Amino acid sequence: MQTLEESFDIWQSKVNDMVKEHPLQIISWESTRRCNLKCKHCGSPSENVKLGEELTTDEVIGAFKQIEQDFDMSQFRHINITGGEPFVRKDLVYILGQISQSPHYRNIDIQTNGVILGKNPNLIGRLKQVGVTGIGVSIDGNREVHDSFRGMNGSYELAIKAAKNAVDSGLTVTVSTVAHAKNLDQIPELYRISKEEIGSRYFRIMTIDPLGRADLNKKYLLSHKQTMGVIDFLKKEHIKNFENYSDPKQTIIELGCCGWTGIENEGRVRPFIFHCIAGISNLGILYDGKLAACSNIPREFGFEGDLRKDSIKNVWDNKYVKHRNFEWKKTGECQSCEEWNYCHGGPMHKMKTNDSRTDCIYQNIKH
């Protein structure tokens, strides 16, 4: 019988193969940096962003057509659309209608705050017609906390409505919650609401990162003890319920891409083992056409190319060195970490320009 370490070694060998081959599997499209809310934790705020540089309708459509023409699409899985708030793009449905004429672009997820979708329930039917299969709705506390966090009265009710309508329409729905110092006591109730009242397929928890506005609102950041509390909750609920996850009516609880949690926790805080896929199988297209590894990585970290100037295929094949060669990330606590060979320095969105990182959830748990 395999030991735990041997099982992870097999998994790590597969990760190494993925790095070498780096097949394009996911496109993360930051559709816009414009937004109809001003959330206190936003890692992609619109401040100091040249919104006029946003890709035009034709440029977006052309980029997706170029990718389909130039790449081997045999392993391609889906498009993940983020923002800003994607639905402030009035051409979003039109763009999806154009690109979903291709058989490769008929599995599309959209991450939203739910305001526009909650106000326009008929929009969901149109989304299903243009390749959208999943909706991620952000709900970050009870009505009072969510509305305060999001900066808009009524945003909680609209998010709940959007999520329920999407479930009723047959879309795969994820309720995403950012765990922060002001909502930890509400997470169990949010999980219950996601399961019993919304019926979402996933309940995803992200621990707050000190990026964007969250870096200016440090009172929301988690202590080591609070982080451990989140992990304990996830682990308890996952172990209690994972045997039922094959039932599509069940809600799967999971930790988002916050980082490696250790071999004692991976596969127990989410139904998969984490490794950052930015620049490995995930291509990021930013709002202004810059080519990144993931739309969550801070812009000051740089980008790999510009689709307005460069061949996307050429950039994917010949850039992304920092994302596929991890040794440069072996700094600070990583130098002596016993689980480096599994983690490789954690998610790229936590890296800083001086090659340090905002935090390490594994080290937080250990402490």
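Conventions and cut-offs
Residues numbered from 1 in each chain as written. Predicted model: local features only at pLDDT ≥ 70, side-chain atom pairs only at ≥ 80, totals over all residues. Heavy atoms only, no water. Buried < 20%, exposed > 50% of the residue type's maximum accessible area, 1.4 Å probe, protein only. Helix = DSSP H or I, 4+ residues; strand = E, 2+ residues; numbered from the N terminus. Right-handed = clockwise from strand over helix to strand, strands pointing away. Salt bridge = Lys/Arg side-chain N within 4 Å of Asp/Glu carboxyl O. Pairing = 2+ DSSP bridges. Contact = heavy atoms within 4.5 Å. Axes fitted to C-alpha atoms, helices over the stretch in contact; angles between N-to-C directions. Phe/Tyr/Trp six-rings, centres within 6.5 Å; stacked < 30°, edge-to-face > 60°. Lys NZ or Arg CZ within 6 Å of the ring centre and 35° of its normal. Core = buried A, V, L, I, M, F, W, Y, C linked by side-chain atoms within 4.5 Å. Expected span 1.5 Å × (residues − 1). Arc of directions from axis to C-beta. Disulfide = S-S within 2.5 Å.

**Notes on the pairing of strand β7 (residues 252–255)**
Inference 1: Burial along β7 is two-sided: Ile 252 and Glu 254 facing one way and Ile 253 and Leu 255 facing the other are all buried.
Inference 2: In this fold, the crossover linking strand β6 (residues 202–207) to β7 by way of helix α9 (residues 224–241) has right-handed handedness.

**What to know about the pattern of salt bridges**
Inference 1: If you walk through the whole model with that rule in mind, you get 20 salt bridges.
Inference 2: One salt bridge connects Glu 157 with Arg 143, and the closest N-O pair in it is separated by 2.0 Å. In this pair, Glu 157 is assigned in helix α7 (residues 155–168) and Arg 143 in helix α6 (residues 143–150), connecting sequence segments 14 residues apart.
Inference 3: With a relative accessible area of 38%, Glu 157 lands in the partly exposed category.
Inference 4: Salt bridges here are not isolated pairs; linked through shared partners, they connect Arg 34, Glu 54, Arg 89 and Asp 91.

**A short note on the sheet that holds strand β4 (residues 132–138)**
Backbone hydrogen bonds hold the strands of a sheet together, and the pairing may be parallel or antiparallel.
Inference 1: With respect to topology, 10 strands assemble into an open sheet ordered β7-β6-β5-β4-β3-β2-β1-β8-β9-β10, the strand pairing being mixed. Whereas interior strands pair on both sides, the edge strands pair on one side only; in this sheet they are β7 and β10 (305–306).
Inference 2: Sheet topology places β4 next to strand β5 (residues 172–179); 5 bridges connect them, and they run parallel. Bridge pairing in β5 links Ser 138 to Ser 176.
Inference 3: Packing of α7 onto the sheet brings it into contact with β4 and β5, and relative to β4 it is tilted by some 155 degrees.
Inference 4: The strands that α9 touches are β5, β6 and β7; relative to β7, the one it contacts most, it runs at about 150 degrees.

**Notes on the packing of aromatic side chains**
To describe a pair of aromatic rings, you give the distance between the ring centres and the angle between the ring planes.
Inference 1: Following the criterion strictly, the structure yields 12 aromatic pairs and no others.
Inference 2: Where Phe 8 meets Tyr 342, the ring centres are 5.8 Å apart and the plane angle is 55 degrees; that geometry is what we call tilted. Taken together, the residues Phe 8 in helix α1 (residues 4–21) and Tyr 342 in helix α12 (residues 340–343) connect sequence positions 334 residues apart. The pair Phe 8 / Tyr 342 is uniform in exposure class, with both members buried.
Inference 3: Ring-pair connections join several aromatic residues into one group, and the members of that group are Phe 8, Trp 11, Trp 260 and Tyr 342.
Inference 4: The ring of Phe 303 is capped by Lys 290, whose NZ or CZ atom sits 5.4 Å from the centre of that ring.
Inference 5: The ring of Trp 316 has Arg 324 sitting right over it, with the charged end atom 4.6 Å from the ring centre.

**A closer look at the nonpolar core**
The tendency in soluble globular proteins is for nonpolar side chains to be buried side by side.
Inference 1: Ile 67 and Ile 110 are the most contacted members of the largest nonpolar core, which totals 86 residues.
Inference 2: In terms of residue count, the dominant contributor to this core is α7 (6 residues).
Inference 3: Look past the residues within four positions of Ile 67 in its chain and what remains in contact with it is Leu 24, Ile 27, Met 73, Tyr 105, Leu 283, Ile 285 and Ile 312.
Inference 4: Core analysis: the second largest hydrophobic core is formed by 15 residues, Phe 8, Ile 280, Phe 326 and Trp 340 among them.

**Considerations on α1**
Inference 1: The end-to-end C-alpha separation of α1 is 26 Å, in line with the 26 Å expected for 18 residues at 1.5 Å each.
Inference 2: Residues of α1 that are buried: Phe 8, Trp 11, Gln 12, Val 15 and Val 19. Summarising the axial view, the buried residues of α1 lie within an arc of 105 degrees, below the 170-degree limit, and thus occupy one face. Those residues of α1 that are exposed and aimed more than 90 degrees away from the buried face are Lys 14, Lys 20 and Glu 21.
Inference 3: As for α1, its buried residues are in contact with α11 (321–324) and α12.

**What about α6?**
Inference 1: Of the residues making up α6, those classed as buried are Val 145, His 146, Asp 147, Phe 149 and Arg 150.
Inference 2: Once α6 finishes, Gly 151 follows within two positions and takes phi at roughly 75 degrees, a positive value.

**Points about the side chain of Thr 227**
Inference 1: Tracing the backbone through its elements, the reader meets Thr 227 in helix α9.
Inference 2: If we ignore the near neighbours within four places in the chain, the residues touching Thr 227 are Leu 222, Ile 361 and Asn 364.

**Details of unusual backbone geometry**
Working note: non-glycine residues mostly have negative phi, and peptide bonds are mostly trans.
Inference 1: Residues Gly 83 and Gly 84 are joined by a peptide bond in cis, for which omega reads 15 degrees.
Inference 2: Along the chain, Gly 84 falls in the loop between β2 (78–82) and α3 (92–99).
Inference 3: A positive phi angle is found at His 344, which is not glycine, with a value near 60 degrees.
Inference 4: Tracing the backbone through its elements, the reader meets His 344 in the loop between α12 and α13 (361–366).
Inference 5: Taking the relative accessible area as the measure of exposure, His 344 reaches 8% and is therefore buried.
Inference 6: A positive phi angle, close to 70 degrees, is found at Asp 355, a residue other than glycine.

**Quick look at the state of the cysteines**
By definition, a disulfide links the sulfur atoms of two cysteines through a covalent bond.
Inference 1: For the structure shown, the criterion picks out 0 disulfides.
Inference 2: The thiol of Cys 276 is unpaired, and the distance to the nearest cysteine sulfur, on Cys 294, comes to 6.8 Å.
Inference 3: For Cys 276, a relative accessible area of 13% corresponds to the buried category.
Inference 4: Cys 360 provides the cysteine sulfur closest to Cys 343, a residue in no disulfide bond, and the two sulfurs are 5.9 Å apart.

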